[in-house]
Amino acid sequence: MERLLNNGLISPSRKRRLASMLYESMLLFGVLFIAGYFFDTLTQSRHALYLRDARQWWFFAVLGLYFVWFWRHGGQTLAMKTWHIRLVKENGERVGLAQAMLRYVLCWFFNLTGIAFIYSFFDKNGQFPQDRLAKTLLVSTKPRERGIEEVMRHN
């Protein structure tokens with residue numbers, strides 16, 4: 001269910017958020033595949049367990065660059081654009097670098113444990129805990145359907 005926020009923006013439904021996350025995971029498979037190829041080429045790694053810790057940190061950094069860059073430049077990843085979701089500050093402005101980085105780190109804990117989804121049922125605006133802590137909002141960019149009253153007012 002979409003909700004109208006205090007600043008006039010609309011919060012996307014959980015269904016759209018989950019669909020966006022699923023689509024994002026498919027896109028990230030390709031991003032991590034290429035990042036893994038570069039890592040293996042640069043380190044001459046021939047086995048998946050070779051430099052395993054370094055590989056995990058490399059993937060963490062690549063994903064961080066991916067999300068922080070997209071959130072800073074337009075507030076949307078490709079999946080978020082597809083599902084009409086944007087990340088903004090609580091006042092509706094563009095997200096800052098520190099906010100984007102904080103949100104990225106918090107997402108690891110809250111999303112992987114499932115706390116984010118459960119928390120969204122109890123939040124008054126249906127937001128995730130990482131958004132509350134980073135002072136950001138996920139908002140809908142979907143074109144709003146005009147009701148009959150609005151159509152009559154403009155005619």
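Residues numbered from 1 in each chain as written. Predicted model: local features only at pLDDT ≥ 70, side-chain atom pairs only at ≥ 80, totals over all residues. Heavy atoms only, no water.

## Quick word on the overall build of the protein
Link 1 in the chain: The number of helices and strands found in the protein is seven helices and four strands.
Link 2 in the chain: In the protein, which comprises 155 residues, the proportion classed as buried is 36%.
Link 3 in the chain: Considering only intrachain contacts with a sequence separation of at least 6, the fraction spanning at least 24 residues in the protein is 62%.
Link 4 in the chain: Carbon and sulfur atoms make up 67% of the accessible area of the protein, which totals about 10100 Å². (Helix = DSSP H or I, 4+ residues; strand = E, 2+ residues; numbered from the N terminus. Buried < 20%, exposed > 50% of the residue type's maximum accessible area, 1.4 Å probe, protein only. Contact = heavy atoms within 4.5 Å. Areas by Shrake-Rupley, 256 points an atom, 1.4 Å probe, with all protein chains shown as cover.)

## Examining a nonpolar patch on the surface
Link 1 in the chain: On the surface, a nonpolar cluster with roughly 870 Å² of combined accessible area is contributed by F29, F33, I34, Y37, F38, L42 and W58.
Link 2 in the chain: Broken down by element, the residue count for the nonpolar patch peaks at six residues, all from helix α1 (residues 14–43).
Link 3 in the chain: Along the chain, the position of F33 falls in helix α1. (Patch = residues over 30% accessible without salt bridge, like charges linked within 9 Å, V, L, I, M, F, W, Y side chains within 5 Å. Salt bridge = Lys/Arg side-chain N within 4 Å of Asp/Glu carboxyl O.)

## Side note on unusual backbone geometry
Link 1 in the chain: The backbone of Q44 shows a phi angle near 55°, a positive value even though the residue is not glycine.
Link 2 in the chain: Structurally, the position occupied by Q44 is in the loop between α1 and α2 (52–72).
Link 3 in the chain: Despite not being glycine, H84 has its phi angle at roughly 55°, a positive value.
Link 4 in the chain: Mapping H84 onto the fold places it in the loop between α3 (78–82) and β3 (85–89).
Link 5 in the chain: Overall, the relative accessible area of 30% leaves H84 in the partly exposed class.

## A closer look at the nonpolar core
Inside soluble globular proteins, nonpolar side chains tend to come together where they are buried.
Link 1 in the chain: Counting residues in hydrophobic clusters, the biggest one holds 18 residues, and the most contacted among them are F67, W71, M80, L87, Y104 and L138.
Link 2 in the chain: Residue assignment for this core shows that the elements contributing at least two residues are α2, β3 and α4 (97–113).
Link 3 in the chain: Not counting residues within four places of it along the chain, the set of residues in contact with L87 comprises W71, G75, M80, V95, R103, D131, T136, L137 and L138. (Core = buried A, V, L, I, M, F, W, Y, C linked by side-chain atoms within 4.5 Å.)

## A short note on the side chain of Q127
Link 1 in the chain: You can see Q127 is positioned in the loop between α5 (115–122) and α6 (129–134).
Link 2 in the chain: Overall, the relative accessible area of 0% leaves Q127 in the buried class.
Link 3 in the chain: From its side chain, Q127 meets the backbone nitrogen of L138 in a polar contact 2.9 Å long.
Link 4 in the chain: Those residues within four positions of Q127 in sequence are excluded, and the remaining contacts are S11, R17, Y119, S120, R132, T136, L137 and L138. (Polar contact = N/O pair within 3.5 Å; in protein donor to acceptor, adjacent residues only side chain to side chain.)

## Brief notes about the packing of α2 against α4
Between two packed helices, the angle of one axis relative to the other and the distance separating the axes together describe the packing.
Link 1 in the chain: Their axes nearest at 9 Å, the elements α2 and α4 cross at an angle of 135°. Our classification of the angle between α2 and α4 gives oblique. The handedness of the crossing between α2 and α4 is right-handed. Residues F60, L63, G64, F67, V68, W71 and R72 of α2 form the contact with α4, whose own contacting residues are L97, A100, M101, R103, Y104, V105, C107 and W108.
Link 2 in the chain: Across the contact of α2 with α4, the residue classes break down as twelve nonpolar, one polar and two charged. (Axes fitted to C-alpha atoms, helices over the stretch in contact; angles between N-to-C directions. Parallel < 35°, antiparallel > 145°, perpendicular 65-115°, else oblique. Left-handed = near helix turned anticlockwise from the far one by under 90°. Nonpolar A, V, L, I, M, F, W, Y, C, P; charged D, E, K, R; others polar.)

## A closer look at α2
Link 1 in the chain: Compared with the 30 Å implied by 1.5 Å per residue over 21 residues, the 30 Å span of α2 between its first and last C-alpha is a close match.
Link 2 in the chain: Against the buried residues of α2 lie α1, α3, β3 and α4.
Link 3 in the chain: Backbone geometry just after α2 places G74 at a positive phi near 105°. (Expected span 1.5 Å × (residues − 1).)

## Observations regarding the layout of surface pockets
One way to see where empty space is left: roll a probe the size of a water molecule over the atoms.
Link 1 in the chain: There is about 610 Å³ of room inside the largest pocket.
Link 2 in the chain: Lining the largest pocket are 21 residues, and of these M21, E24, F67, C107 and N111 lie nearest its centre.
Link 3 in the chain: Those elements giving two or more residues to the lining of the largest pocket turn out to be α1, α2 and α4.
Link 4 in the chain: For the lining of the largest pocket, the element with the highest residue contribution is α1, accounting for seven residues.
Link 5 in the chain: Of the residues in the lining of the largest pocket, the class split is 14 nonpolar, four polar and three charged. (1 Å grid on protein atoms, 1.4 Å probe; cavity = no way out; pocket = protein on both sides within 12 Å on 5 of 7 lines; lining within 4 Å. Points joined across faces, edges and corners; volume = space filled by probe spheres on them.)

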